[in-house]
Amino acid sequence: MTHEDTASTDHHRAAFLADVVAGLSAPVKQIPPKYFYDDAGSELFDRICELPEYYVTRTETAILRDYARDIGDALGARVMLIEPGSGSSAKVHLLLDVLEDPVAYVPVEISREHMLASLAPLRERYPGLEILPVAADFTAGFTVPESTREPARRVVFFPGSTIGNFRPDDALTLLSRFAAVAGPGGGLLLGADLRKSPAVLEPAYDDSAGVTAAFNRNVLTRINRELGGDFDPGAFRHRALWNEPESRVEMHLVSLRDQRVHVGGTAFDFRAGEPIVTEYSHKYTLAGMADLAQQAGFRVEQVWTDEQEWFSVQYLVR
Ligand code: AVJ
């Protein structure tokens, strides 16, 4: 463990503690969803992507596969591909297989070990491609490294409908930041889940096997391990609700009894039935996303959806 690693771990722990204490002190208690993704959480999420109810990943992957050539043509040659929140970089090969002479791939990921482990197969598959990993929290801004060859344009790749985790005003801030990263002539290839029946949405976030419930509770286990909390994860119930006015799925951890929990020396009281909000997944219409993109400085160049229009892959240009 280098000095830098210790410093960044301490910095990360301090930010984690501050976010949790602030979130649990709020009128409506909350824990930011970015803290789901420790190694256990990342593995649980990989399992969620295989679930029958969770249509998001397979629907997006099918669109990227079915329209790969069109998407490759739209992005053009000698692209630098930048992927904020790359996770296990499970989708980027669908683009790299069809892109003409891509200059570099820049994954940006908060869990460093998970990212570096996921890059080995890519290095093997694309020996001529420069891969420049950035261990950073993309929501806090990051610097794009220089590539050896000058790219024709920068394209930000933001799949998986992670944009849905952000309230619309925060989503606008994030898209504006991506517009700055892409630069003039650059673009954004965005995966955005679309509005649909709650009868489909709620099971997708509360699957019958209980994997999403375990994913949700895991953040309490992480707080106990990394922040010295004394949560009893079994004393909280997983809940997924469709919020029509806000056009989002909300994930909650509901306290099963009156209880007191301590984190970092601070006590937090919960009433029976009181929720902790752990994630929002906003669902867009095509018109709604086009409007948000325009406010952020993008123009919608092309949109690809599945037959049922459950999911959209959108190429936005500056
Ligand atoms: C990775 C944020 C896109 O919101 O659908 C999956 C995370 N949460 N099941 C989503 C998630 C519950 C997922 N994103």
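Notes on the structure in this doc start here. (Residues numbered from 1 in each chain as written. Predicted model: local features only at pLDDT ≥ 70, side-chain atom pairs only at ≥ 80, totals over all residues. Heavy atoms only, no water.)

Formed by 60 residues in total, the largest nonpolar core has its most connected members in Leu24, Leu75, Leu81, Leu189, Phe231 and Val263. Broken down by element, the residue count for this core peaks at six residues, all from helix α9 (residues 211–227). With sequence-adjacent residues up to four places away left out, leucine 81 is seen in contact with Leu75, Val92, Leu95, Leu96, Leu99, Ala104, Tyr105, Val106, Val155 and Phe157. Within the second largest apolar cluster, 33 residues are counted, among which are Ala104, Val108, Ala179 and Ala192. (Core = buried A, V, L, I, M, F, W, Y, C linked by side-chain atoms within 4.5 Å. Buried < 20%, exposed > 50% of the residue type's maximum accessible area, 1.4 Å probe, protein only. Helix = DSSP H or I, 4+ residues; strand = E, 2+ residues; numbered from the N terminus. Contact = heavy atoms within 4.5 Å.)

What follows concerns helix α3 (residues 56–66). Within the sequence span of α3, burial applies to Val56, Thr57, Thr59, Glu60, Thr61, Ile63 and Leu64. Taken together, the buried residues of α3 touch α4 (68–75), α5 (93–96), β5 (153–158), β6 (187–193), β12 (299–305) and β13 (311–317).

Our focus in this paragraph is the packing of helix α2 (residues 39–48) against α9. Packing of α2 against α9 brings their axes to within 9 Å, and their N-to-C directions diverge by 160 degrees. Classified by the interaxial angle, the pair formed by α2 and α9 is roughly antiparallel. Considering only the axes of α2 and α9, their crossing is left-handed. Two secondary-structure elements touch here, α2 through Ala40, Gly41, Leu44, Phe45, Arg47 and Ile48 and α9 through Val211, Thr212, Ala214, Phe215 and Asn218. A class-by-class count of the residues in the contact of α2 with α9 yields seven nonpolar, three polar and one charged. (Axes fitted to C-alpha atoms, helices over the stretch in contact; angles between N-to-C directions. Parallel < 35°, antiparallel > 145°, perpendicular 65-115°, else oblique. Left-handed = near helix turned anticlockwise from the far one by under 90°. Nonpolar A, V, L, I, M, F, W, Y, C, P; charged D, E, K, R; others polar.)

As a further point, take the site of the ligand. Close to the ligand lie 14 residues; Tyr54, Gly160, Tyr205, Glu279 and Ser281 are nearest. Tyrosine 54 places a polar side-chain atom, nitrogen or oxygen, 2.6 Å from an oxygen atom of the ligand. In the complex, 96% of the free accessible area of the ligand, which totals 350 Å², lies under the protein chains. Of the residues assigned to the shell around the ligand, the class counts are seven nonpolar, six polar and one charged. (Near = heavy atom within 4 Å. Polar contact = N/O pair within 3.5 Å; in protein donor to acceptor, adjacent residues only side chain to side chain. Areas by Shrake-Rupley, 256 points an atom, 1.4 Å probe, with all protein chains shown as cover.)

For any two helices packed against each other, one specifies the crossing angle of their axes together with the interaxial distance. The contact between helix α7 (residues 168–182) and helix α10 (residues 286–295) brings their axes to 9 Å, and the two run at 50 degrees. Overall, the two elements α7 and α10 adopt an arrangement that is oblique. The hand of the α7/α10 crossing is right-handed. Residue-level contacts link Pro168, Ala171, Leu172 and Leu175 of α7 to Met289, Leu292, Ala293 and Gln295 of α10. Residue classes in the contact of α7 with α10 are distributed as seven nonpolar, one polar and no charged.

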